[in-house]
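Structural characterization, general
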Amino acid sequence: MENNASKEVMDKLTKVCICKSITRAKIKEAIAGGAKTLEDVQKITGAGSGGCGGRRCTPKIQELLGK
C-alpha cells in the first residue's frame, strides 16, 4: 500500500510536459479516460503545445501509452 501511495505522489510531482507543467498523473488520467494515441493525450491535456513543440514530452507520453 505504501509503495502505491508514494507512486501516486511521485506521479503528481513529476512533470512530463515541462513547458506546460503537465504532470504524469494528468497524462495517466487522460489515458485512463480513454486517450489511446499521442494526439488524444495532447488534445486532452495540452501537452506538447509548449515552447519545445513536444520534443521533450512526446517520448515520455508514448512510453506511458505503451504501459
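The present account deals with the structure reproduced in this document. Being a predicted model, the structure only gives us computed values, none of them experimental.

By secondary structure assignment, the location of Ile61 is in helix 4 (residues 58-66). Looking at Ile61, the relative accessible area reads 0%, which means it is buried. When near neighbours in sequence (up to four residues on either side) are disregarded, Ile61 contacts Val16, Ile27, Leu38, Val41 and Ala47.

With twelve residues, the main nonpolar core is built from Val16, Cys17, Ile22, Ile27, Ala30, Ala35, Leu38, Val41, Ala47, Cys57, Ile61 and Leu64. Among the secondary structure elements, those contributing two or more residues to this core are strand 1 (15-17), helix 2 (24-32), helix 3 (38-45) and helix 4. Look past the residues within four positions of Val16 in its chain and what remains in contact with it is Ile22, Thr23, Arg24, Ile27, Cys57, Lys60, Ile61 and Leu64.

On the surface, Val9, Met10 and Leu13 cluster together to form a nonpolar patch covering roughly 290 Å² of accessible area. Of note, Met10 is situated in helix 1 (residues 2-13). Relative accessible area serves as the criterion here: at 44%, Met10 is assigned to the partly exposed category.

Contact geometry for helix 3 and helix 4: axes closest at 10 Å, N-to-C directions at 110°. When the axis of helix 3 is compared with that of helix 4, the two are roughly perpendicular. The chirality of how helix 3 crosses helix 4 is right-handed. Across the interface between the two elements, Leu38, Val41 and Gln42 from helix 3 touch Thr58, Ile61, Gln62 and Leu65 from helix 4. Of the residues belonging to the contact of helix 3 with helix 4, the class tally is four nonpolar, three polar and no charged.

Analysis parameters
- Residues numbered from 1 in each chain as written.
- Predicted model: local features only at pLDDT ≥ 70, side-chain atom pairs only at ≥ 80, totals over all residues.
- Heavy atoms only, no water.
- Helix = DSSP H or I, 4+ residues; strand = E, 2+ residues; numbered from the N terminus.
- Buried < 20%, exposed > 50% of the residue type's maximum accessible area, 1.4 Å probe, protein only.
- Contact = heavy atoms within 4.5 Å.
- Core = buried A, V, L, I, M, F, W, Y, C linked by side-chain atoms within 4.5 Å.
- Patch = residues over 30% accessible without salt bridge, like charges linked within 9 Å, V, L, I, M, F, W, Y side chains within 5 Å.
- Areas by Shrake-Rupley, 256 points an atom, 1.4 Å probe, with all protein chains shown as cover.
- Salt bridge = Lys/Arg side-chain N within 4 Å of Asp/Glu carboxyl O.
- Axes fitted to C-alpha atoms, helices over the stretch in contact; angles between N-to-C directions.
- Parallel < 35°, antiparallel > 145°, perpendicular 65-115°, else oblique.
- Left-handed = near helix turned anticlockwise from the far one by under 90°.
- Nonpolar A, V, L, I, M, F, W, Y, C, P; charged D, E, K, R; others polar.

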